[in-house]
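# Coordinate inspection notes
For reference, the chains in residue letters:
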Amino acid sequence: MKYKIAVIEDDSVIRSELEKMLVGNQYEVNALTDFSNAAENVREWKPHLVLLDIRLPGESGFSICSEIRSFSDMPVIFVTSSNTDMDELNSIMLGGDAFITKPYNQAILLAKIASLLKRAYPADGQEQLSVCGAVLHLENSSVSYGEKTVELTKTEVKLLAYLFRHAGSICARSDMVEYLWDNQMYVDDNALSVNINRIREKLSSIGLKDFIKTKHRQGYLV
Amino acid sequence: MNKRLYLKQRLPMVLLQAVCMAALSFFLYLNGNSTDSILLILLAWVLVLGIFLGTTYLARKKRMEKLLALTEQLEERYLISEVMEEPRQAEDLVWYRILKMADKSMLEKIGEVERERSEYKEYIEQWIHEIKTPIAAMKLICENRRLEDAGQQNVEKRRLEDAGRQNCENRHSEVTRQMLVELEKTSHYTEQALYYARSEHTEKDYSVREISLFPVVHRAIAENKYLLLKQGVRLMVEEEEVSVFSDEKWLCFILNQLIVNAVKYGGKEPAIRFYARREENRRILCIEDNGIGIPEEDLPRIFEKGFTGKNGRTAENNATGIGLYLCKRLCEKLDIGIHAESSEKGTVISLSFRINEWIYQVQGD
């Protein structure tokens, strides 16, 4: 199921780029352009999460938030350019779940969204990804193929998860390094190769040979 | 009040009295008065004159010293004309009026300057908030474009093996990456301006609460991700659970500045290590780099405003002398000790947070 996110932001460039980014990360997005009855729209569309700017023309994000709170306790993230304590305090008092200041760091914003969604809508069932019979178990960091299972380290799980999510397309090395950085694992290019080789060894030990292909000068492919 | 100067200024009057005395003695002598009676009159005269001079001097001195003490007690000394009592003497009254006039015009001037300053500060803060929107937009555009490129690259790849096109796409993504580095710098400088505007004023814009140290470190790293990746900086974060009482936003800004500095004055294979130390009553966060270090003679002055030092004055570094000064100021406000040690092998900056062991014992940490 795709999570639905409502974006309430008055700057048109940011609005469309946020939309693009969220759609690119497998969310369904509705970016409102009319703020006069934003809360009404939110009530009708029933998103799972709302991204809300504080300064809107003719409206304040705070009042929209308190309106939303009157009928729902869905997660609300305030995104704003003013990082004064007053605004932060206000946003918490009115029931905002997070407060992110512009210019936002994409990784932090996405992580915040993901963690709020996870908290608000606990996933039923286990988290796993599978490609061609190989199953990656995120909850106990292991990968299995057929009967066999092998344990993975923290970095290896993240790397494999990234490859699994982008199965069928080439993952550039630099993108993979960035993804690991976003997850607070600061590896460099060499360490990436070392990790990939270790994963390959582990995969071949459970019968998955040449599962990760190297595309010369471009990256890796699952 | 200087006694001699006071008496010297009374000299004309005293001389006049002496002349009068001589004239009176002469007149009385001619009228046939006895020398004894003349001497008696002169003695009485001198006595009265002496007492008069002495008492006026003492009274005046007391008054002036009181005024002086009052002025010294005042925090804003220019306000003395508002609090002093109105003098009685004609000349003093004129001085008093002049002082009042001078004060009034100065107060007007101060008010004007203060208003201008606060208006300017308000404008700067507002401007910074406004500039953040386009920066955020640019960042988003770049990051989306980069992802799109990667996506397009793959589609393209599968459709036709066009090497030329591929190269072009790769370059494109390289350009956006460079843009992202520059954008990180831009937003860092804007933050710097914001904190500068705030640090100059006494108003409080921070809230101290219990925070975990390492998530803030990660946040500061994330804010400099593209810069660090571009420079190929090796990061070591020796994470552990350390909590301190501080303000997250300000701390993040300080760390940000320290990271930027570590990269700026980094060595050939730059590396930055973050680790924490525990001491009695203190938690210390260290940021260690393996850069070119700070010359010993510069070390004591690096936190001074406008100090650039030997390393900062080279053309490519172009230091402003603001960054570390701001760090120091913010640290002072948050009661964080900031300390630098340096050798040719690198620099260690340590931030030391005061903690109250007693609170921890009560809370059972």
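Residues numbered from 1 in each chain as written. Chains lettered and ligands numbered in written order. Predicted model: local features only at pLDDT ≥ 70, side-chain atom pairs only at ≥ 80, totals over all residues.

## Observations concerning the overall build of chain A
Selection rule: Secondary structure elements follow DSSP: runs of H or I of four or more residues count as helices, runs of E of two or more count as strands, with numbering from the N terminus. Partly exposed residues are those falling between the two cut-offs: more than 12 but fewer than 20 other C-beta atoms within 10 Å of their own, whereas 20 or more means buried and 12 or fewer means exposed, with C-beta atoms placed from the backbone. The contact criterion used here is simple: two residues whose C-beta atoms, placed from the backbone, lie within 7 Å are in contact.
Scanning chain A from N- to C-terminus turns up 8 helices and 14 strands. C-alpha extents for chain A along the principal axes are approximately 60 × 35 × 30 Å. Evaluated residue by residue, chain A yields a buried proportion of 32% over its 222 residues. Look at the contacts in chain A between residues 6 or more apart in sequence, and 54% of them connect residues 24 or more apart.

## Comments concerning the sheet that holds strand β6 (residues 76-80) of chain A
Residue and element names in this part refer to chain A. The condition is simple: A pair of strands is treated as paired once DSSP finds two or more bridges between them. Every axis corresponds to a line fitted to the C-alpha atoms, with the helix fit spanning only the stretch in contact, and the corresponding angles, defined between N-to-C directions, vary from 0 to 180 degrees.
One open sheet accounts for 5 strands, arranged β2-β1-β3-β6-β7; its pairing is parallel. The sheet terminates laterally at β2 (27-32) and β7 (98-101), the two strands that pair on one side only. Each neighbouring strand pair of the sheet contributes to a mean axis angle of 20 degrees, computed without reference to strand direction. Where strand β1 (residues 3-8) meets β2, 6 bridges bridge the pair, whose relative direction is parallel. When the sheet's bridge partners are listed, A6 is paired in β2 with N30. Across the sheet, helix α1 (residues 12-24) touches β1, β2 and β3 (49-53), and the angle it forms with β2 is around 165 degrees.

## What to know about the domain arrangement of chain B
Filter applied, for reference: Domain start and end points were adopted from an automatic or database domain assignment.
What the domain assignment lists for chain B is domain 1 (3-106), domain 2 (120-198) and domain 3 (208-363). Computed over C-alpha atoms, the centres of domain 1 of chain B and domain 3 of chain B are 66 Å apart.

## Observations regarding unusual backbone geometry
If a residue is not glycine, its phi is most likely negative; likewise, a peptide bond is most likely trans. Phi at A:K46 takes a positive value of approximately 50 degrees, unusual for a residue other than glycine. Relative to the helices and strands, A:K46 resides in the loop between α2 (38-45) and β3.

## Overview of the domain arrangement of chain A
When its domains are assigned, chain A resolves into domain 1 (3-120) and domain 2 (128-221). Look at where the C-alpha atoms of domain 1 of chain A and domain 2 of chain A centre, and you get two points 33 Å apart.

## Regarding the sheet that holds strand β11 (residues 148-151) of chain A
All names here are of chain A. Reading across the sheet, the 4 strands line up as β8-β9-β10-β11 and stay open at both edges, with antiparallel pairing between neighbours. In the strand order of this sheet, the two ends are held by β8 (128-131) and β11, each with one partner. In this sheet, adjacent strand axes meet at a mean angle of 20 degrees when their direction is disregarded. One ladder, built from 4 bridges, connects β8 with strand β9 (residues 134-137); its direction is antiparallel. From the neighbouring strand, S130 faces β9, where its bridge partner is V135. Lying over the sheet, helix α6 (residues 154-165) contacts β8, β9 and β10 (142-145), oriented at roughly 55 degrees with respect to β8.

## Thoughts on the packing of α2(A) against helix α3 (residues 61-71) of chain A
Residue and element names in this part refer to chain A. The line we're drawing: Crossings are sorted by hand: turned counterclockwise from the far helix by less than a right angle, the near helix makes the crossing left-handed, and turned clockwise it makes it right-handed. The residue classification treats Ala, Val, Leu, Ile, Met, Phe, Trp, Tyr, Cys and Pro as nonpolar and Asp, Glu, Lys and Arg as charged. All others, Gly included, are polar.
Two elements in contact, α2 and α3, have axes separated by 9 Å at closest approach and are oriented at 35 degrees. The two elements α2 and α3 meet at a crossing, and its hand is right-handed. Counted together, A38, A39, V42 and R43 of α2 and I64, E67, I68 and F71 of α3 form the full contact between these two elements. Each residue belonging to the contact of α2 with α3 can be placed in one class, and the counts come to 6 nonpolar, no polar and 2 charged.

## Points about the interface of chain B and chain A
Taken together, the contact pairs 30 residues of chain B with 30 residues of chain A. Put simply, the parts of the chain that give the side of chain B that touches chain A at least two residues each are α5 (90-159), α7 (213-223), α8 (225-230) and β2 (234-237) of chain B. Broken down by element, the residue count for the side of chain B that touches chain A peaks at 15 residues, all from α5(B). Tallied by class, residues from the side of chain B that touches chain A come to 12 nonpolar, 8 polar and 10 charged.

## Considerations on the nonpolar core
Nonpolar side chains in soluble globular proteins tend to end up buried together. Short version of the rule: Defined on buried residues, the nonpolar core groups Ala, Val, Leu, Ile, Met, Phe, Trp, Tyr and Cys residues joined through C-beta atoms within 7 Å.
Among the nonpolar cores identified, the biggest contains 40 residues, and B:I254, B:L255, B:L258, B:I259 and B:L330 are the most heavily contacted of them. Of all the secondary-structure elements, those providing two or more residues to this core are α6 (163-199), α7, α9 (248-264), β4 (271-279), β5 (282-289), α11 (323-334) and β7 (346-354) of chain B. Per-element tally for this core: the top contributor is α9(B), with 10 residues. A:A6, A:L49, A:V76 and A:Y104 belong to the second-largest nonpolar core, a separate cluster that totals 36 residues.

## A look at α3(A)
All names here are of chain A. So the rule is basically this: An arc is given here, and it is the one of the directions from the helix axis to the C-beta atoms.
For α3, the full list of buried residues reads G61, I64, C65 and I68. The buried residues of α3 occupy an angular sector of 100 degrees when projected down its axis, which confines them to one face. Lining the buried residues of α3 we find β1, α2, β3, β4 (55-56), β5 (59-60) and β6.

## Some words on the environment of B:T55
Residues and elements named next belong to chain B. Relative to the helices and strands, T55 is located in helix α3 (residues 35-73). T55 sits in the exposed class, given 10 other C-beta atoms within 10 Å. It is 81 Å that separates the C-alpha atoms of T55 and L235, two residues lying 180 residues apart in sequence.

## Section: the pairing of β1(A)
Residue and element names in this part refer to chain A. We apply this condition: With the strands pointing away from the viewer, any crossover whose connection runs clockwise from the first strand over the helix to the second is right-handed.
Note that the unit made of β1, α1 and β2 has a crossover that is right-handed. With 4 bridges joining them, β1 and β3 adopt parallel strand pairing. Bridging across to β3, A6 finds its partner in V50.

## A short note on the environment of B:G309
All names here are of chain B. You can see G309 is positioned in helix α10 (residues 309-312). The spatial distance from the C-alpha of G309 to the C-alpha of G293 is 11 Å, given a sequence separation of 16 residues. Sequence-distant contacts of G309, defined by excluding residues within four places in its chain, comprise I294, P295, D298 and I302.

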